[in-house]
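# A look at the structure
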Amino acid sequence: MTKATRYPLWEQFAPPGVFGDPARTAVRAEGTRVLFADGRWRLCGTSGLWNVNFGYNNPRVADAIANTLRTASYLPVFRSAHQPAVDASRALLGLAGPEHFGRVVFSTSGGAANDLTMKLARQYQALRGEGRRRLIVGLTGSYHGTTYGSHALTGEDLGQDMYAVDRRWVRHVAHDDPAQLRRLMAAEGDQVAAVVVEPVLGSGAFPLPESLLTALDELRREHGFLLVADEVATGFARTGLAFASEAWPMRPDLLLASKGLTNGTCAAAVVLVSHDICETYERENAPLMHGETQAGAPTTCAAIIASIDEMERLDAPRRARETGKLLEDALAALGGHPLVTGHGGVGCFQALRLGTDGQRLPQFHVIQTVGALREAGLTVQPGPGCVQLIPTLVYERSDVEELASLLRTGLDLAAERLASAPAGPSR
């Protein structure tokens, strides 16, 4: 390869050796399927990246964006406002509960939204005279993004040391061991500004157990930290509710949404802020020092409103529950496969857990399994010792049946290659 012929795109989370692979280069998409440069249509098992909840090329979302491009192509929310952002905020509050949430802050990605959330929480505590509260607590194995702030909060090992990510003001505890959280609060509770949790861990599809939610509720009242629901992956009916935290015994102080927010059409995220936090900022007339050029752009706001309308028109929560049950049954039927050790998740947010000889499948082999599934005709995302299955909420029964068939074909191919291949690296 010469400088003149070097492949121009740096693909995210991929080694340069696979850049430009036609089987991984999408050309177009429609409904539940994606056409790739090798000429094959493949069934999408990931909703793009957890975000195309209402199907690729959804015409109602596309029309809303197109119409707004002709009337308000760009307007900022930086030191100003515009009516589409006000309308989208009102629609989001109506969806999440205006009796609890009072305002919406716009961002452009889940990672950036986590960054602003950490800043907002620390400033909130300072405005209350609790400036010592700077620690942010997350969960081991969590994923919140890879901007510098969110990369520190992410509880999965993604090269934080190599990138010199500053984690001095972040702590992590296990998602399934409330005792760890209690010990941390006993030692440092007076320094904690917020605890940030995903209702279902994005890396591995592990739902939060009731015991952790109970501990969070008790400890929040005792120690005064903010509780943050990072619903970047679980929002917009993914788990069978508009937001997964609706099933919690308490409401979060802050709620993040991104992936399903615009059906994947815009770089968009939001943070919903409780009335209590709004009132604290209002008493001090304090600005939040955070701004992003494209945050809350009119096209984004049009897509948000259209996505909320589509969720209601399609009765997406019901469809997510029904499709999720079909998906669970399909994954359970794979329980006898030599590579499968189990499955788990909620609604249309599932993971098929992989392993051999009683051990979790090394990540190197998980990536190989993802490749084998792609050869079979199915796109999935790798997770820690698993493949993640995040279908669109418009899957039909026939789509689930096809997914199950392609899973078995791809797993058979992966098992055959694993049996005949020398041991590879662990990552």
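Residues numbered from 1 in each chain as written. Predicted model: local features only at pLDDT ≥ 70, side-chain atom pairs only at ≥ 80, totals over all residues. Heavy atoms only, no water.

### Some details on the overall build of the chain
If you tally the helices and strands in the chain, you get 12 helices and 18 strands. Computed over its C-alpha atoms, the radius of gyration of the chain comes to 22 Å, within 12% of the 22 Å expected for a compact globule of 427 residues. The proportion of buried residues among the 427 residues of the chain is 53%. Here the contacts in the chain between residues at least 6 apart in sequence split such that 71% fall between residues at least 24 apart. Summed over all atoms, the accessible surface of the chain reaches about 18900 Å², with 53% contributed by carbon and sulfur. (Helix = DSSP H or I, 4+ residues; strand = E, 2+ residues; numbered from the N terminus. Rg over C-alpha atoms; globule rule 2.2 N^0.38 Å. Buried < 20%, exposed > 50% of the residue type's maximum accessible area, 1.4 Å probe, protein only. Contact = heavy atoms within 4.5 Å. Areas by Shrake-Rupley, 256 points an atom, 1.4 Å probe, with all protein chains shown as cover.)

### Some remarks on helix H2 (residues 59-71)
Counted at 1.5 Å a residue, the expected span for H2 with its 13 residues is 18 Å, and the 19 Å between its end C-alpha atoms agrees. Packed against the buried residues of H2 are helix H9 (298-313). Put simply, Asn58 is the residue that caps the front of H2, since its side-chain oxygen is 3.1 Å from the backbone nitrogen of Arg60. (Expected span 1.5 Å × (residues − 1). Polar contact = N/O pair within 3.5 Å; in protein donor to acceptor, adjacent residues only side chain to side chain.)

### What to know about the sheet that holds strand E2 (residues 33-36)
Within the open sheet, the four strands sit side by side as E1-E2-E3-E16. Their pairing is mixed. Strands with a single pairing partner mark the edges of an open sheet, and in this sheet they are strand E1 (26-30) and strand E16 (378-379). Across four bridges, E1 lies against E2 in antiparallel orientation. What sits directly across from Ala29, in E2, is Val34. Against the sheet, helix H12 (residues 397-420) contacts E2, strand E3 (41-44) and E16, and its axis sits at roughly 105° relative to E3. (Pairing = 2+ DSSP bridges. Axes fitted to C-alpha atoms, helices over the stretch in contact; angles between N-to-C directions.)

### What to know about the nonpolar core
Judged by nonpolar contacts, the single largest core of 38 residues is most densely connected at Leu92, Phe106, Phe236, Phe243, Val270, Ile304 and Met311. Mapped onto this core, the elements with two or more residues apiece are H2, helix H3 (83-96), strand E4 (101-107), strand E11 (254-257), strand E12 (269-274), H9 and helix H10 (316-332). Discounting chain neighbours no more than four positions away, the residues touching Leu92 are Val104, Phe236, Leu261, Val270, Leu272, Ile304 and Ile308. (Core = buried A, V, L, I, M, F, W, Y, C linked by side-chain atoms within 4.5 Å.)

### Considering the packing of aromatic side chains
In the structure shown here, the tally under the stated rule is three aromatic pairs. Ring plane angle 85° and centroid distance 5.9 Å describe the contact between Phe236 and Phe243, whose orientation is recorded as edge-to-face. The buried category is assigned to Phe243, whose relative accessible area is 2%. Of the aromatic side chains, those joined through ring pairs into one cluster are Tyr7, Trp10 and Phe19. A cation over an aromatic ring shows up here: Arg42 above the ring of Phe36, its NZ or CZ 5.1 Å from the ring centre. (Phe/Tyr/Trp six-rings, centres within 6.5 Å; stacked < 30°, edge-to-face > 60°. Lys NZ or Arg CZ within 6 Å of the ring centre and 35° of its normal.)

### A word on the packing of helix H6 (residues 178-188) against helix H7 (residues 210-223)
For the pair H6 and H7, the least separation of the axes is 9 Å and the interaxial angle reads 15°. In terms of orientation, H6 lies roughly parallel with respect to H7. Once H6 is placed against H7, the crossing between them reads as right-handed. In this structure, H6 uses Pro178, Leu181, Arg182 and Met185 to contact H7, whose residues at the interface are Ser211, Leu212, Ala215, Leu216, Glu218, Leu219 and His223. Across the contact of H6 with H7, the residue classes tally to seven nonpolar, two polar and two charged. (Parallel < 35°, antiparallel > 145°, perpendicular 65-115°, else oblique. Left-handed = near helix turned anticlockwise from the far one by under 90°. Nonpolar A, V, L, I, M, F, W, Y, C, P; charged D, E, K, R; others polar.)

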